[in-house]
Amino acid sequence: MENELLKQRFQITRRHFLGKMSLGLGSVALGSLLIPDLFKPSDDGIPQLAGLPHFAPKAKRIIYLFQNGAPSQLESFDYKPLLNKMTGQELPESIRKGQRLTGMTSGQAKFPLVGSHFSFAQYGQSGAWVSELFPHMSKIVDDLCFIKTMNTEAINHDPALTFMQSGAQQGNRPSMGAWMSYGLGSDNKNLPAYCVLLSRGRGNGQGVYSKLWTNGFLDSIHQGVQFSSSEERVLYLKDPDGRDRQATRKMLDNLSELNSLGHQEFGDPEIQTRIQQYEMAYRMQTAVPELSDLAQEPDHIIKMYGADCLVPGTYASNCLLARKLSESGVRFVQLYHQGWDQHGNMVGEMPLQAEDVDRSTAALVMDLKQRGLLDETLVIWGGEFGRTNYCQGTLSKENYGRDHHPRAYTIWMAGGGVKPGMVYGETDEFGYNIVKDPVHVNDFHATVLHLMGLNHEQLTFKHLGRRYRLTDVAGKVVNGILA
Amino acid sequence: MNSTSRVVSNIIFCIQILLLFLLLVEDSISLPPFLQLAGRMHPLVLHIPIGVGVFLVSLQLFAPKASAADRGTVVRMGLLLTSASASVAALFGFFLSLQGEYGGDALQQHKISGVILSWLCYFLVVLDSLEVKRVWFLSLGAGVIGVLVLAGHTGSILTHGENFLFGPMDKSSVVLTAENASVFQYAVAPIFEKKCYSCHNESKAKGKLVMTDIDRFKAGGEHGKPWVEGKPQQSRMIKAFYLPLDHDEHMPPDGKPQLTLIEIEVLKSWIKSGADFDKKLGEFPDGDTLKLRVAELVSKEPVQEIEKIYTFEAASDDDLEKMNTPFLSVSALYLNSPALQADFYVRKEFDIKSLQQLKAIANQLVVLSLSKMPVSDNDLTIIASFKNLEVLNLNFTSIQGEGLRSLEALAHLKSLSLSGTKVSARHLAPVLGLPELKQLYVWSTDITASQRDSLAGKHPDVSILLTQFDDNSMLRLSKPMLVNEGVIKPDDQIVFRHPMPGVTIRYTTDGSVPDSVNSLAYEHPFKFTKTTVVKAKGCKDGWFCSDMAEFTCFVRGKQPDELILLTQPDPQYPGEGVQSLTDGRKGVADVLKEPSWLGYRKNPFVVGVEFQPQPPEIKEIVISYARNIGGYSLPPKEVEVWGGESEISLKLIKKFTPQQPTENGALKVDMISVTIPPSTHKYYKLVVRQVPRLPEWHDGKGERSWVFIDELFFY
């Protein structure tokens, strides 16, 4: 009898099962008391409180000199003598491998290769090749790190530009600067963490629009603040005539009280943002005039950047202003210079575009260097894709054009933890495909975040039920260019 | 008794589940202090299961014949005690492990074996109560003892270190150097030790290869000797390194730490030089590959330390919060770092007290930027107390240099920026002597290149940066600018400016090209009575004169009483009807959709103008039009002016044919001035005709041009 009962204990009864299970569950419940955050609401969506890098950063600030329209790598930094030898010959199918083309050249019956109209030479100890169009940048190649193997998935300006800026082609994602502001916060509380400066060259241009510096789903405090191209760099910042600062202060205090009431009632976080923006604008009233009065710069600085740097809205003046903003702790200064879309008239337009940016870009890098700031400031120069090695439209002795080419293009970075005097990656001798060390846009983003002390996989924001990253689900840090 | 043992057994079960659960959520646990205390009881509790276990084993071994009844109770009691104490020991051990003093593989092994032990003990209790066959019970018991030994041993490694047990039997503890050891001992064996010994040792011997013993290593494994003297390419070992990672023969196997490139190079050159086990590094000739590779291997090692570790205490969060103002930002270098950086902003708001306040974090401050702040030499004494400072930015501060002496205390300073200050070369001696200084920035100071060179010669470790943008070529000035916008009233002052101070603006109003010597110099604002084209250049010593700027100053004229459009504009470009022509609003030449423009293509532009009741004298009519040639908007082919006393009695007064362009040219808002004999008609009619066929060179050759007009002026 005893034994039978015992045997039954091998076949667990429901009562036994439930009894044991309640013990087990009880234990788990007891154990869960040791997890303090178990029942706290998830903190996704609240800006990172610390606003600190995940690890020791190499760069504290970024100046991104975006060359909008896609400057030709073949007329600037990716020297391909074979194209000069083969000018007029057909692009071999073994090179193109059926790659899709834009609607602008897909109908062309022929794809004649065309070499650079402009001559190249090697410069500096690194021996980097630079075309004659960039005489000043060629002097600083030993401070630059050229990446010749950037590649993207987009083939037209808007998606490519949006991809380069936000890690997605469709838009509505936060752009790089917004991610930086979200991840690292603002250093100088008197200026926005993310500033945007626009200029336009003399070549065929493509538009830029405010979605490129959007905060996307991040708090709107992270949105890029666009500086005006007029004399008054931040519009409506001055107090109206006849009102003093005391009155403004009083007005803001009262307004903030009202807004706080609104926030208590509705709980909309954007109301808090609005209060913060008013306060920031108030502080900017002191900080911005000190910065934007470029005429106060000494003569030798004006000479460095060129006379145009005093003309508001030029690339040169934006470079000078970018230096001043960055020096004052602005986390991310984004320039856009339009006019690099040389589908035709490469020979006519490329020199004008290069002339507009060459001197002031080199001046900016040198200026940061002599102030000891280049070590902690990352400067990036480049466009959204490259240009084809074949001619778009009619190839004549005097002129030619190039279509969009997403498979390989050149950008450079300087300062902030990047190896100086380096050429990374290699394209084939046709300048069409990558043969060594490709750097995808996602890799580029991962690397830039890494230099800023951020792990691209950890800098996330939960939105619509999933965690988003600047690099989305891809991206590898390019260790080869890290100093 | 029975009910007590059931309660105990249930508690033991609970602990097992708890253990498993805690192991799963380990990372998110935070421990209250009383459990930390419990954790520290682990070393006490863990001895109970060992003791009782030994007792039970002895009972089994030495009193197998004790009466069943006695044994039953004693064994059950013993087992319960073993199991309960093992479970508690495991739980406490787990708590102890969370306190962060232990780590590494040994901890992991100890933790796992402890939990397994605790579970096995519980099974033993269960088996005992089920009265299964003795042999099951005994074998599980033996297993428990085995795991107990394992857990005990890994625990001893944690407390006493790796070689505690066998340490006394270990012979040598001499530090190997390149001088006292052979290349094999010094450089080759350590690589094997790190990457190969774990599988190729006397107890494991994968592929029957033992590498820990030189003789057995020379004898080789089942495939023979792993190397061929002098021939690295044919050596089995080297080949295995180069096989694809997923290949079965690849060594070390996938998942194990792989050899670095330099390690492979060292092994290759060791084999190449004959795989000698006794030769010392010094016996190889200078420049020998093996020697170079070993040097590389050894020097690479310190580079592996990635981040500097700061050992000082972190500052309190309260302190930090108090210091942060909009004009001073103090924050950690990165997450969880005790090292701090401080940046001051906005010169006007600088307060020396906030710098003094930083003394509260004097130990933690590593980076300090006072760029552009009105800091004087005396204030540097405050900075001298920040003894861990590594980066100091004093660019464009008010220091003169004498105060740099007080920075001598900064033994860790690596980078000092003094650009744009008044320091001179003689002030630099104290800072150049700093032991860790690497970079000194002295651009835009009184220090000359030759002074820099002589200082750099004396301090080769410091890079002294004095870079200047090296380009002294003459540059061209930017163009002067017209400040006035839109239509100017006759009594408005016309103001020109140039953004650069000290530029003279030379101008003409007669259409001729201004020159830098003879043309009028713009000194103060002036007035125009009618629309005038100004050509101007900016000139300054040391610069090339700017390119010529051309401005059309549109000046408000006599106001007609009524205007009537006699032909209608193209429906796409209706502007705001006739009032667009006199509203004083100027269009821009590339945005023709704007309401300031009236666009005509099919019809000529015909407008009736009425001056009532006292018609003024009119001598000139100015038409403002868009010159956007690529956009098909050209100057009109011809302009007719009709005049008379009433709408029906008009006579042609003047016919004017503007000059046609020969190429695309710049976009601009241009004017056509038609001079008529002075007249006082009541009515005028203006007819503006497009170019009927665009010229050959134009993209739209043969098509009809547009004309866009935004304003009319009468003088």
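The structure presented is a predicted model; accordingly, all values stated were derived computationally and were not measured.

Participant: Help me understand the packing of helix α10 (residues 315–327) of chain A against helix α11 (residues 346–370) of chain A, please; the structure alone is not making it clear to me.
Facilitator: To describe two helices that pack against each other, one gives the angle between their axes and the distance between the axes. Residues and elements named next belong to chain A. Relative to each other, α10 and α11 sit at 15°, their axes nearing to 9 Å. In terms of orientation, α10 lies roughly parallel with respect to α11. In terms of crossing hand, the pair formed by α10 and α11 is right-handed. The segment α10 lies against α11, with Y315, A316, C319, A322 and R323 engaging D356, V357, S360, T361, A363, L364, D367 and L368. Residue classes in the contact of α10 with α11 are distributed as eight nonpolar, two polar and three charged.

Participant: What's the story with the nonpolar core in this structure? I'm lost.
Facilitator: Residues and elements named next belong to chain A. Counting residues in hydrophobic clusters, the biggest one holds 174 residues, and the most contacted among them are C145 and V379. Examining the composition of this core, we find that 10 residues originate from one element, α11, more than from any other. Each residue touching C145, except ones within four places of it in the same chain, is listed here: W412, M413, A414, V418, K419, P420, M422, Y424 and I481.

Participant: I keep staring at unusual backbone geometry and nothing clicks. Help me out?
Facilitator: Generally, phi is negative for residues other than glycine and the peptide bonds are trans, each holding for most cases. Following M251(B), the chain continues into P252(B) via a peptide bond in cis, with omega recorded as -20°. Checked against the element boundaries, P252(B) lands in the loop between α10 (236–242) and α11 (261–272). Across the junction of Q612(B) and P613(B), the peptide omega takes the value -15°, indicating a cis bond. Of note in the backbone geometry, Y236(A) takes a positive phi value of approximately 60° without being a glycine. Counting through the fold element by element, Y236(A) comes out in the loop between β6 (225–226) and α7 (245–266). For A275(B), which is not glycine, the phi torsion reads 50° and is therefore positive. Along the chain, A275(B) falls in the loop between α11 and α12 (289–303). Residue classification places A275(B) among the buried residues on the basis of 20 C-beta atoms within 10 Å.

Participant: Explain the packing of helix α1 (residues 2–24) of chain B against helix α6 (residues 104–130) of chain B here, please?
Facilitator: Residues and elements named next belong to chain B. The geometry of α1 relative to α6 is characterised by a closest axis approach of 10 Å and an angle of 155° between their N-to-C directions. With respect to their mutual orientation, α1 and α6 come out roughly antiparallel. In terms of crossing hand, the pair formed by α1 and α6 is left-handed. Mapping the contact onto sequence places S9, I12, F13, Q16, L19 and L23 in α1 and V115, S118, W119, Y122 and V125 in α6.

Participant: How should I be thinking about the interface of chain A and chain B in this particular structure?
Facilitator: Quite often, the size of an interface is put as the accessible area lost when its parts meet. On the side of chain B, 49 residues touch chain A, which itself brings 48 residues to the contact. Secondary-structure elements contributing two or more residues to the side of chain A that touches chain B are α2 (14–32), α8 (269–292), α9 (299–305) and α11 of chain A. The element contributing the most residues to the side of chain A that touches chain B is α2(A), with eight residues. The class makeup of the residues in the side of chain A that touches chain B is 22 nonpolar, 14 polar and 12 charged.

Participant: Would you explain the sheet that holds strand β25 (residues 707–714) of chain B in this entry?
Facilitator: Pairing between the strands of a sheet is mediated by backbone hydrogen bonds and can be parallel or antiparallel. Residue and element names in this part refer to chain B. With respect to topology, four strands assemble into an open sheet ordered β18-β25-β20-β23, the strand pairing being antiparallel. A strand with exactly one partner marks an edge of an open sheet, and here the two such strands are β18 (598–600) and β23 (668–679). With direction set aside, neighbouring strand axes in the sheet form an average angle of 35°.

Participant: Explain the confidence of the model for chain A here, please?
Facilitator: Detailed reading of the predicted model is not advised wherever pLDDT is low. With 95% of its residues at a pLDDT of at least 70, chain A reaches an overall mean of 90. Confidence drops under a pLDDT of 50 for residues 43–49 of chain A, and excluding neighbours within four residues, the segment shows seven contacts in the predicted structure.

Participant: Is there a simple way to think about the sheet that holds strand β21 (residues 638–644) of chain B in this case?
Facilitator: Residues and elements named next belong to chain B. Reading across the sheet, the five strands line up as β16-β19-β24-β21-β22 and stay open at both edges, with antiparallel pairing between neighbours. Sheet topology places β16 (562–565) and β22 (651–656) at the edges, where each strand pairs with a single neighbour. The sheet shows a mean angle of 20° between the axes of neighbouring strands, taken without regard to direction. The pairing of strand β19 (residues 605–610) with strand β24 (residues 683–689) spans six bridges and is classified as antiparallel. Its bridge partner being in β24, E610 is matched across the sheet by Y683.

Parameters at a glance
- By convention here, each chain's residues receive numbers from 1 onward along its written sequence.
- Both sets of labels track the order of writing: A upward for chains, 1 upward for ligands.
- Where totals are concerned, whole chains, interfaces and linings use all residues; where local detail is concerned, this predicted model gives features only for residues with pLDDT of at least 70, and gives and counts side-chain atom pairs only at 80 or more.
- Helix axes are fitted to C-alpha atoms over the stretch in contact, other axes to C-alpha atoms as well, and angles between N-to-C directions run from 0 to 180 degrees.
- Secondary structure elements follow DSSP: runs of H or I no shorter than four residues count as helices, runs of E no shorter than two count as strands, and numbering proceeds from the N terminus.
- For classification, angles of less than 35 degrees are called roughly parallel, those exceeding 145 degrees roughly antiparallel, those between 65 and 115 degrees roughly perpendicular, and all remaining angles oblique.
- Two helices cross in a left-handed way if the nearer one is turned anticlockwise from the farther one by less than a right angle. They cross in a right-handed way if the turn is clockwise.
- Placing a C-beta atom from the backbone of each residue, one calls two residues in contact when those atoms lie within 7 Å.
- Side-chain classes are defined by residue name, with Ala, Val, Leu, Ile, Met, Phe, Trp, Tyr, Cys and Pro counting as nonpolar, Asp, Glu, Lys and Arg as charged, and the others, Gly among them, as polar.
- Here, a nonpolar core means buried Ala, Val, Leu, Ile, Met, Phe, Trp, Tyr and Cys residues linked by C-beta atoms lying within 7 Å of one another.
- Each residue is classified by how many other C-beta atoms fall within 10 Å of its C-beta atom, where C-beta atoms are placed from the backbone; a count of 20 or more means buried, 12 or fewer means exposed, and values in between mean partly exposed.
- Pairing between strands is defined by DSSP: at least two bridges between them are needed.
- The pLDDT value expresses, per residue, how confident the predictor is, ranging between 0 and 100.

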